[in-house]
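# A look at the structure
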Amino acid sequence: MTQRKRLSNTQSSTQNRTQEEDDDTTFTQPSTSQVQRGLEKVTPAQVDQKTAEVVQYFLVKDQKKIPVRRADIVKHVVKEYRNIYPEIMKRAAHTFDQVFGLKLVEIDAKSHTYILINKLETTDGASPISPANPKMGLLFVILSVIFMKEGVVKENVIWNTLKKLRVDLGKKHEDFGDVKKVVTDEFVRQRYLEYVRIPHTEPVEHEFRWGQRAEIEVSKARILEFMGELHGLEPQSWSQQYREAHPASNTQPGTSSQR
C-alpha cells in the first residue's frame, strides 16, 4: 500500500509539472514593438501599480523561499497587462535592486522560474544558509554531504548522517517537525535540493543533488572551510572539492596551455 501511495504521489507530481509547463506555453513573450504599443495604451500610474503588485507577490513567495514561475506571475498578477510583461519585470527588478538590495535571478530558462538573491550576501561571499538558523543548518549539513560526495548521494547516506546528529526520521523533531517532509518536499520545492528516483531499483530508491537555488546561493568555499574546522584540516586537503570551490585559482595568470 505504501508503494502504491508513493507511485501515486510521483504520478501526481509529474502531472502537476506537465500542467505548469502547459500553462506557460499559452503565454508568448511580447516583442519590443508590442511592449511599446502596449505602453501607449496605459498610464504611467497603471504600470507603477502593476509593478508594485509583482514586487509584493515576489516578496510574499520569498518568505518561504518558493521560486516564482512566469506563468504564475502572468496568471495571478499581470493578467490583462501581459502585453507589457517585460517592462513590468524590468521595473520590478530595478525596484528589488535599488530599494531592497535584492537581485532577481532566473534559475530555469525553460520554465522561466525566478528567485530573489540578497546582493550583499552574494557580493561579500556570505551565504544566506547558515547553521545559525536550525532549518537552514539542517540544509547546510545535507548540502555539505552532497558536495563532499562529489555532487550526488543516495538518500540512505543522508538519513544515516542525520541520525548520527540525533535527527531521526522516525521521530518528530522539535525544530523541524517531520524531517523527511522538510528535506524531500520543502527543500525540493525551494529548489535547494533535487530528489531524484534512481531507475530500475526495487524497492524504489532516490538520490540527492544540489538544486538550482543552492548553486546560486551557497558558497562551496564556505562549506570547505566548515568541513576543515570540523575535521581540523585545511580546505586544500580535499583537492577535487577545493578546485571546484575555487575555479579561478586553477588558472595561474601569465600561463597558457598552448606553447
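Residues numbered from 1 in each chain as written. Predicted model: local features only at pLDDT ≥ 70, side-chain atom pairs only at ≥ 80, totals over all residues. Heavy atoms only, no water.

## Describing the sheet that holds strand 2 (residues 102-108)
Taking strand neighbours across the sheet as the criterion, the 3 strands line up as 1-3-2 in an open arrangement whose pairing is antiparallel. Strand pairing shows two members of the sheet lacking a second neighbour, strand 1 (68-69) and strand 2, which therefore form its edges. Relative to strand 3 (residues 113-118), strand 1 is paired through 2 bridges, and the arrangement is antiparallel. When the bridges of strand 3 are listed, Val68 appears paired with Tyr114. Those strands touched by helix 5 (residues 85-100) are strand 2 and strand 3, and its axis lies near 135° from that of strand 2. (Pairing = 2+ DSSP bridges. Helix = DSSP H or I, 4+ residues; strand = E, 2+ residues; numbered from the N terminus. Contact = heavy atoms within 4.5 Å. Axes fitted to C-alpha atoms, helices over the stretch in contact; angles between N-to-C directions.)

## Overview of the packing of helix 7 (residues 134-148) against helix 11 (residues 220-231)
Where helix 7 meets helix 11, the axes come as close as 10 Å, and the angle between the chain directions of the two elements is 95°. Comparing their axes, helix 11 and helix 7 come out roughly perpendicular. From helix 7, Phe140, Leu143, Ser144, Phe147 and Met148 reach across to helix 11, where they touch Lys220, Arg222, Ile223, Leu224, Phe226 and Met227. Of the residues contributing to the contact of helix 7 with helix 11, the split by class is 8 nonpolar, 1 polar and 2 charged. (Parallel < 35°, antiparallel > 145°, perpendicular 65-115°, else oblique. Nonpolar A, V, L, I, M, F, W, Y, C, P; charged D, E, K, R; others polar.)

## As for the nonpolar core
Ile142, Ile158, Val183, Phe187 and Leu193 are the most contacted members of the largest nonpolar core, which has 32 residues in total. For this core, the secondary-structure elements that each account for two or more residues are helix 7, helix 8 (155-164), helix 9 (179-189), strand 6 (206-210) and helix 11. With 10 residues, helix 7 is the single largest residue contributor to this core. Contact partners of Phe187, with chain neighbours within four places excluded, come to Lys135, Met136, Leu138, Leu139, Ile142, Val182, Tyr192 and Leu193. Counting residues in each nonpolar core, the second largest holds 22 residues, with Val68, Ile73, Val78 and Leu104 among its members. (Core = buried A, V, L, I, M, F, W, Y, C linked by side-chain atoms within 4.5 Å. Buried < 20%, exposed > 50% of the residue type's maximum accessible area, 1.4 Å probe, protein only.)

## Some words on the packing of aromatic side chains
Counted by the stated rule, this structure contains 6 aromatic pairs. Judged by centre distance (6.4 Å) and plane angle (80°), the ring pair of Phe58 and Tyr114 falls under edge-to-face. Taken as a pair, Phe58 in helix 3 (residues 44-62) and Tyr114 in strand 3 lie far apart in primary sequence, 56 residues in all. Overall, the relative accessible area of 1% leaves Phe58 in the buried class. Residues Trp159 and Phe208 carry aromatic rings whose centres are separated by 5.7 Å and whose planes lie at 90° to one another, so their mutual orientation is edge-to-face. Placement of Trp159 in helix 8 and of Phe208 in strand 6 is noted, with a sequence separation of 49 residues between them. Residue classification places Phe208 among the buried residues on the basis of a relative accessible area of 0%. An aromatic cluster of at least three residues, connected via ring pairs, comprises Phe58, Phe96, Phe100 and Tyr114. (Phe/Tyr/Trp six-rings, centres within 6.5 Å; stacked < 30°, edge-to-face > 60°.)

## Quick word on the packing of helix 4 (residues 70-78) against helix 5
Helix-helix packing: each pair is described by the crossing angle between the helix axes and the interaxial distance. With their axes 12 Å apart at the nearest point, helix 4 and helix 5 run at an angle of 95° to one another. If you check the angle between helix 4 and helix 5, you find them roughly perpendicular. Residues Arg70, Ile73, Val74 and Val78 of helix 4 touch helix 5, and the partners they reach there are Tyr85, Ile88 and Met89. Considered class by class, the residues forming the contact of helix 4 with helix 5 number 6 nonpolar, no polar and 1 charged.

## Structural notes on the pattern of salt bridges
Following the criterion strictly, the structure yields 11 salt bridges and no others. Close ionic contact of Lys50 with Glu53 constitutes a salt bridge, the shortest N to O distance being 2.9 Å. With a gap of 3 residues between them, Lys50 and Glu53 both fall in helix 3, about one helical turn apart. Overall, the relative accessible area of 8% leaves Lys50 in the buried class. Look at Glu53 and you get partly exposed, because its relative accessible area is 30%. One salt bridge in this structure joins Glu217 and Arg213, with 3.0 Å as the shortest N-O distance. Remark: Arg213 and Glu217 occur in helix 10 (residues 212-217); sequence separation between them is 4 residues, near one turn of the helix. Residue Arg213 is classed as buried on the basis of its relative accessible area of 1%. (Salt bridge = Lys/Arg side-chain N within 4 Å of Asp/Glu carboxyl O.)

## Some words on the environment of Leu233
Structurally, the position occupied by Leu233 is in the loop between helix 11 and helix 12 (239-245). Looking at Leu233, the relative accessible area reads 44%, which means it is partly exposed.

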